[in-house]
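A structural walkthrough
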Amino acid sequence: MKTYSLNNGDQMPALGLGTWKSEPGEVYKVIRTAISVGYRHFDCAYIYQNEVEIGAALNDAIMTGEVNREELWITSKLWNTHHKQDEVNECLKITLKSLQLDYLDLYLVHWPVAHHKDVIFPQDGSGLVSLSEISLEETWRGMEKVKAAGLAKHIGVSNFSAKKIKQINDSATHKIEVNQVELHPLLQQKDLLAFCKEENIIVTAYSPLGSRDRAVQMKAENEPDLFEIPTIQKIAENHDCSPAQVLIAWAVNRETAVIPKSTHEARLKQNLEAANLSLSKDEMNEISVLDKHFRYVTGGFFALPGSDYTLANLWDE
Ligand SMILES: NC(=O)C1=CN([C@@H]2O[C@H](COP(=O)(O)OP(=O)(O)OC[C@H]3O[C@@H](n4cnc5c(N)ncnc54)[C@H](OP(=O)(O)O)[C@@H]3O)[C@@H](O)[C@H]2O)C=CC1
Ligand SMILES: O=C1CO[C@H](CO)[C@@H](O)[C@@H]1O
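Predicted model, so just to flag it, every value in this text is computed and none were measured.

1. Some words on the pairing of strand β5 (residues 73-78)
Counting buried positions along β5 gives six out of six residues, so the element sits mostly inside the fold. In the sheet, strand β4 (residues 41-43) pairs with β5 via three bridges, with the strands oriented parallel. If you follow H41 over to β5, its bridge partner there is W73. In this view, the connection linking β4 to its parallel neighbour β5 by way of helix α2 (residues 51-63) has right-handed handedness. In this structure, β5 lies alongside strand β6 (residues 104-109), joined through four bridges in parallel fashion.

Structure below.
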């Protein structure tokens, strides 16, 4: 498996398992199966509300000697309710307890959005706190503290634009190491990738298969299906593989990490195998022209009337 080097030489496996929507009741078995077929990188988050069960699976796999803690790469994310400097530690401690771990390999600020502490999902603007009240720089100082305390080996962000990364890095003691964003052939984010490369930031591609299993109320009408794109289907035929494997291989071939989610053993295996699939220069070029700047995860749930969050200032575009 290809890996990416972080600033101290630690290696993040290029392919990890997404865990959003892997429900309690099934996620224990998913994680055990994933470890048994060779996954070592897991993408978690406080807000996914399944970290307790993931922790039980990780702990059992470690206790039975199937895997060592040091071989695993565990990422989790700070939720928007804990953006004050001194609350970062509190949210991370809950995650560590749930996951039964002493440290995370990577901790990310999930969104450049702050909520009131008791509002998990804001229904209107009154649940949100302006970034002029709790600044991203303040949240980042909290992230630097948990890194200094050894609770997270590496720190980064998610859903951040180049502008917001610059804003943080200008005053950071410890700079951003990873940015996790939505990436697939219909949202290629070429400028953001080039910027992150210059800044020595690893980019992780989320929703690489088009986030197919989101609840209907989160979906737009007539969302495109990445598996149905003729170019993707043709390249899949060339390699005698599935469209999902082409999408995953594309992400790894352009030097991003990628975290497809699945709860099925056969798909877990094919997704893992796809990380070793090489696409030709011509195939990469054919995919390169498919970009439509289309987001599945629009962030619209934060652009609420009565707050100063808008889609324009969320994505800075
Ligand atoms: N930082 C952030 O804000 C965000 C982070 N993420 C992270 O990224 C991960 C992946 O993104 P996510 O939105 O979950 O969606 P994905 O794009 O990974 O799509 C998941 C869907 O694809 C299906 N699938 C998986 N593999 C295959 C395959 N080989 N063939 C056919 N279908 C397949 C899954 O079905 P099944 O499970 O039934 O196999 C599921 O329905 C998340 O789980 C989460 O960890 C996601 C969104 C936002
Ligand atoms: O990672 C993610 C998935 O779940 C959350 C909502 O339920 C999103 O906010 C986020 O992008």
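So, next bit.
2. Digging into unusual backbone geometry
Positioned with a positive phi, K21 is a non-glycine residue whose angle comes to about 80°. Inspection of the secondary structure assignment puts K21 in the loop between β3 (17-18) and α1 (27-37). Phi is positive for E255, close to 70°, though the residue is something other than glycine. As for its placement among the helices and strands, E255 is situated in the loop between α8 (243-253) and β12 (257-258).

3. Here's the deal with the site of ligand 1
Around ligand 1, 29 residues are found, and the nearest of them are G18, L209, S211, D213 and K261. With three residues, the top contributor of residues to the shell around ligand 1 is helix α9 (residues 265-274). The residue makeup of the shell around ligand 1, split by class, is eight nonpolar, 15 polar and six charged.

4. Describing the site of ligand 2
Around ligand 2, the structure places W20, A45, I47 and V297. Split into classes, the residues belonging to the shell around ligand 2 amount to four nonpolar, no polar and no charged.

5. Some words on the UniProt feature "active site" (unreviewed entry) in the protein chain
Feature annotation in UniProt places "active site" (unreviewed entry) on Y48, given in this structure's numbering. Tracing the backbone through its elements, the reader meets Y48 in the loop between β4 and α2. Sequence-distant contacts of Y48, that is, excluding residues within four places in its chain, are made with T19 and W20.

6. Considering the confidence of the model for the protein chain
Here the protein chain averages 97 in pLDDT, while 100% of its residues score no lower than 70. Confidence estimates for the predicted assembly give a pTM of 0.98 and an ipTM of 0.98.

7. What about the sheet that holds β4?
Within the open sheet, the eight strands sit side by side as β3-β4-β5-β6-β9-β10-β11-β12. Their pairing is parallel. With partners counted over all chains shown, the strands left at the sheet margins are β3 and β12, one partner each. Pairing analysis gives two bridges linking strand β11 (residues 202-206) to β12, with the strands arranged parallel. Looking at the pairing, T204 lines up with A257 of β12.

The rules behind the values
Residues numbered from 1 in each chain as written. Chains lettered and ligands numbered in written order. Predicted model: local features only at pLDDT ≥ 70, side-chain atom pairs only at ≥ 80, totals over all residues. Buried ≥ 20, exposed ≤ 12 C-beta atoms within 10 Å, placed from the backbone. Helix = DSSP H or I, 4+ residues; strand = E, 2+ residues; numbered from the N terminus. Pairing = 2+ DSSP bridges. Right-handed = clockwise from strand over helix to strand, strands pointing away. Near = placed C-beta within 6 Å. Nonpolar A, V, L, I, M, F, W, Y, C, P; charged D, E, K, R; others polar. UniProt positions renumbered as here; feature names shortened; annotations may be inferred. Contact = placed C-beta atoms within 7 Å. pLDDT = per-residue confidence, 0-100.

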